[in-house]
Structures are given as structure tokens and as C-alpha cells.
Amino acid sequence: LLYHSSVSLYGLWYFKDKIWWDDARGGTSNCWIDHGFQTIEPGMAWYFLIQSAYNVDALVSLMELSFTWEWVNPLSYSSALDFLEKEHVVDDQ
């Protein structure tokens, strides 16, 4: 909650004076002027970098909660069938 609040407040503070934030100066239609060639200010780059890093971390944490991970050394098995039998994917007959 603290992280989301601080990033949201920083975003509001940083983006409030941007031309595409203000409807009186054209609003979001300014996002399409020179599309693909706009300059990216360091503050904006850091904002999106930190936000993206948090989203990746949240995704990895969610995957860790959702799945059980078991790392297996592939060199410890002599064949794919040996691997499948030891991991109980196929029945030992």
C-alpha cells in the first residue's frame, strides 16, 4: 500500500505539468504528435522503469505462489524416458 501510494503521488506530481495531461493545451491528442520520436525525460524513464520492475516482481511472486517449482539437473538422467519414469510421468511397467 505504501509503495502504490508513493508511486501514484510521484506520478501525479511529475506528470501534472505535461502538455498531454492538460485538456486546455490539447490533452492526449498531443501524444500522437511526432509519435515514435518524442524525447523521454529522465524522470519519466525512471518512473516507468521502477513501475515496470515492481510489476515484474509481482508477477514472479504470483507465479511462485501459484506453482511449485522443482529444479532438476538434466545431466542426472541417462535418457528422457528415465527422466519421465523417475518423475512419475509414465508408469514403471
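To start, this report covers the structure provided alongside it. Sequence order sets the numbering: in each chain, residues are counted from 1 along the sequence as written. In keeping with the predicted nature of the model, local features appear solely for residues at pLDDT of at least 70, side-chain atom pairs appear and are counted solely at 80 or more, and the whole-chain, interface and lining totals rest on all residues. Neither water nor hydrogens contribute to the side-chain values; these are computed over all heavy atoms in the structure.

### Observations concerning the pattern of salt bridges
Okay, step 1: By definition here, a salt bridge exists when the distance from a side-chain nitrogen of Lys or Arg to a carboxyl oxygen of Asp or Glu is within 4 Å. Applying the stated criterion to the full structure yields 3 salt bridges.
Okay, step 2: In this structure, the salt-bridge partner of E41 is K18, at a minimum N-O distance of 3.0 Å. Of this pair, E41 sits in the loop between α1 (2–15) and α2 (42–66) while K18 sits in the loop between α1 and α2, and the two are 23 residues apart along the sequence.
Okay, step 3: Relative accessibility under 20% of the residue-type maximum defines a buried residue, over 50% an exposed one, and the middle range a partly exposed one, all with a 1.4 Å probe and only protein chains included. Judged by relative accessible area, which is 12%, K18 ranks as buried.
Okay, step 4: The salt bridge involving R25 is made with D22; its shortest N-O contact spans 3.4 Å.
Okay, step 5: Using a relative accessible area of 28% as the deciding quantity, one classes D22 as partly exposed.
Okay, step 6: What you see here is one network of salt bridges that share partners, running through D17, K18 and E41. Strands here mean DSSP runs of E at least two residues long; helices mean DSSP runs of H or I at least four residues long; both are numbered from the N terminus.

### Observations concerning the side chain of N30
Okay, step 1: Tracing the backbone through its elements, the reader meets N30 in the loop between α1 and α2.
Okay, step 2: By relative accessible area, N30 is classed as buried at 16%.
Okay, step 3: When checking whether two residues touch, look at their non-hydrogen atoms; a contact exists if any pair is within 4.5 Å. Beyond its immediate sequence surroundings of up to four residues, N30 is in contact with I19, W20 and R25.

### Brief notes about the side chain of K18
Okay, step 1: Pairing of N or O atoms within 3.5 Å defines a polar contact, subject to two protein rules: one partner must be a possible hydrogen donor and the other a possible acceptor, and residues neighboring in sequence count only if both atoms are side-chain atoms. Looking at K18, its side chain comes within polar contact range of the side chain of E41, at 3.0 Å.
Okay, step 2: Other than its neighbours up to four places away in sequence, K18 contacts R25 and E41.

### Regarding α1
Okay, step 1: Here the expected length of a helix is defined as 1.5 Å per residue gap, with one fewer gap than residues. Over its 14 residues, α1 extends 20 Å from the first C-alpha to the last, a length consistent with the 20 Å expected when each residue adds 1.5 Å.
Okay, step 2: Taken residue by residue, α1 has V7, G11, Y14 and F15 as its buried positions. End-on view of α1: buried residues confined to an arc of 80 degrees, all on one side of the axis. In this structure, α1 carries L2, L9 and W13 as exposed residues pointing more than 90 degrees from its buried face.
Okay, step 3: Contacts from the buried residues of α1 go to α2. Arc definition: directions from the helix axis to the C-beta atoms.

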